[in-house]
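Chain and residue survey
Here is what each chain is made of, one letter per residue.
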Amino acid sequence: MLRQMASQHPDKRALFFQGQAYTFVELEQEARRLASALQAYGVRAGDRIVLYLRNSYELVLSLLAIWGLGACAVPLDARLRDRGLAKLVRLARPRGIIFDSALVGDESELLSEVRSLPLRAVVSPASLSDSSLLAWTKLLHREAANFVWPDIDEEASSLIIFTSGSTASPKGVEWSFRNLDPGVRVITEMGLVSSSDVLLCGLPLSHSGGLAYVQLMIGVGATLVLMREFRPLEFLRNIEQYRV
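The text that follows walks through the structure, step by step, so that each part is easy to find. (Residues numbered from 1 in each chain as written. Predicted model: local features only at pLDDT ≥ 70, side-chain atom pairs only at ≥ 80, totals over all residues. Heavy atoms only, no water.)

Details of the overall build of the protein chain
Within the protein chain, the regular secondary structure consists of nine helices and eleven strands. Its C-alpha radius of gyration of 17 Å places the protein chain within 12% of the 18 Å reference for a compact globule of 244 residues. Counted over contacts in the protein chain with a minimum sequence separation of 6, partners at least 24 positions apart contribute 66%. Total accessible area on the protein chain stands at roughly 12,000 Å², and carbon and sulfur atoms take up 49% of it. The positive charge centre, built from 26 side chains, and the negative charge centre, built from 26, are 3 Å apart in the protein chain. (Helix = DSSP H or I, 4+ residues; strand = E, 2+ residues; numbered from the N terminus. Rg over C-alpha atoms; globule rule 2.2 N^0.38 Å. Contact = heavy atoms within 4.5 Å. Areas by Shrake-Rupley, 256 points an atom, 1.4 Å probe, with all protein chains shown as cover. Lys, Arg positive; Asp, Glu negative; His and termini not counted. Charge placed at Lys NZ, Arg CZ, Asp CG, Glu CD.)

Set out below in structure tokens:
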């Protein structure tokens, strides 16, 4: 879907995050670089990659690259800490993880849990002493001229979203690539969202409600204004500034 939007609306602004704008063709090119790098580190269709990131450009790009490879994204709530977080990583059985060092300290149980994973990439690695971690910026510097997006099996897993665990132990809900499409199609057919619309998201992208906005961005061609987190006054300012 991203490739289609980059072809149909190359210069249209797809994403705004913290004042920075990204067009569809820019997103596709950056997602291509990231996907090529992930592939070079052994990520293949069906592999699970944990994303422990706050709402951010890096999180959106990671989702797009992982889906583009036919792999499975496992976005975790950035509010989770240590023991509960490590348990979810064990349940996910991932091949790799991309995480934000702002959420993790050197003594974090998470670092111990993922130490043996083939891929451990970190945003802003300077705050951690583990030199074996792969810097996010290194992933994006990879040359992707010869990279070709693979064909996607619609029945393969695209997402694992964990329940909150408020009434029982968290459970992973698995989505196929086919599951990503119906909501977008229904909303489009009902005329609720079109490519001329601007959408504002303050929901976490670890939740199906937040992910729906990313799906509409790449599925319909709408422009997405993504907030780091929901803040009422900032939300209202964004409505006015971006004409949501």
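Things to note about the side chain of arginine 48
Mapped onto the elements of the fold, arginine 48 is located in strand S3 (residues 48–52). Buried charge without a salt bridge: arginine 48, with glutamate 174 as the nearest opposite-charge side chain at an N-O distance of 4.1 Å. A polar contact is formed between the side chain of arginine 48 and the backbone oxygen of alanine 92, at a distance of 2.9 Å. Not counting residues within four places of it along the chain, the set of residues in contact with arginine 48 comprises Cys72, Val74, Leu91, Ala92, Arg93, Pro94, Arg95, Gly96, Ile160 and Glu174. (Buried < 20%, exposed > 50% of the residue type's maximum accessible area, 1.4 Å probe, protein only. Salt bridge = Lys/Arg side-chain N within 4 Å of Asp/Glu carboxyl O. Polar contact = N/O pair within 3.5 Å; in protein donor to acceptor, adjacent residues only side chain to side chain.)

Let's talk about the sheet that holds strand S11 (residues 223–226)
With mixed pairing, four strands are arranged side by side in an open sheet as S2-S1-S11-S10. The sheet is open, and its two borders are formed by strand S2 (20–23) and strand S10 (198–201), each paired with just one other strand. If you compare each strand with its neighbour and ignore which way they point, the axes differ by 20 degrees on average. Helix H8 (residues 208–220) rests against strand S1 (13–17), S10 and S11 of the sheet, and its axis sits at about 155 degrees to S10. (Pairing = 2+ DSSP bridges. Axes fitted to C-alpha atoms, helices over the stretch in contact; angles between N-to-C directions.)

Considering the nonpolar core
If you look at the biggest cluster of nonpolar residues, it comprises 59 residues, and the most contacted ones within it are Leu15, Leu27, Leu38, Leu64, Trp67 and Met217. Tallying contributions element by element places helix H3 (residues 57–68) first for this core, with nine residues. Apart from the residues within four sequence positions on either side, leucine 38 is in contact with Val43, Ala65, Ile66, Leu69, Ile98 and Leu119. Of all hydrophobic cores here, the second largest spans 23 residues; its members include Ala92, Leu111, Leu117 and Val122. (Core = buried A, V, L, I, M, F, W, Y, C linked by side-chain atoms within 4.5 Å.)

Observations regarding the pairing of S10
By the bridge criterion, four bridges tie S10 to S11 in an arrangement that is parallel. Residue valine 198 lies in a different strand from S11, and its bridge partner there is threonine 223. Handedness of the S10-H8-S11 crossover: right-handed. (Right-handed = clockwise from strand over helix to strand, strands pointing away.)

Describing the packing of aromatic side chains
This model, assessed by the stated rule, comprises four aromatic pairs. When the centroid spacing of 4.1 Å and the interplanar angle of 5 degrees are considered together, the rings of tyrosine 22 and tyrosine 57 count as stacked. Taken as a pair, tyrosine 22 in strand S2 and tyrosine 57 in helix H3 lie far apart in primary sequence, 35 residues in all. Each member of the pair, tyrosine 22 together with tyrosine 57, is buried. (Phe/Tyr/Trp six-rings, centres within 6.5 Å; stacked < 30°, edge-to-face > 60°.)

Quick notes on the pairing of S11
Side chains Thr223 and Val225 of S11 all project onto a buried face; the interleaved residues Leu224 and Leu226 project onto the opposite face, where all are buried too. Summarising the sheet, S1 and S11 pair through three bridges and their orientation is parallel. Residue pairing in the sheet places leucine 15 in a bridge with leucine 224 of S11.

Some details on the environment of glutamate 240
Summarising the element assignment, glutamate 240 is placed in helix H9 (residues 232–242). By relative accessible area, which is 67% here, glutamate 240 ends up exposed.

With respect to the side chain of asparagine 55
With respect to the helices, strands and loops of the structure, asparagine 55 is situated in the loop between S3 and H3. A polar contact of 2.8 Å, which involves the side chain of asparagine 55, links it to the backbone oxygen of leucine 203. When near neighbours in sequence (up to four residues on either side) are disregarded, asparagine 55 contacts Phe17, Leu203, Pro204, Leu205, Leu226, Met227 and Arg228.

Let's talk about unusual backbone geometry
Most of the time, phi is negative for any residue but glycine, and the peptide bond is trans. Positioned with a positive phi, glutamine 18 is a non-glycine residue whose angle comes to about 50 degrees. Along the chain, glutamine 18 turns up in the loop between S1 and S2. For glutamine 18, a relative accessible area of 58% puts it in the exposed group. Even without being a glycine, arginine 243 presents a positive backbone phi close to 55 degrees. With respect to the helices and strands, arginine 243 occurs in the segment after H9.

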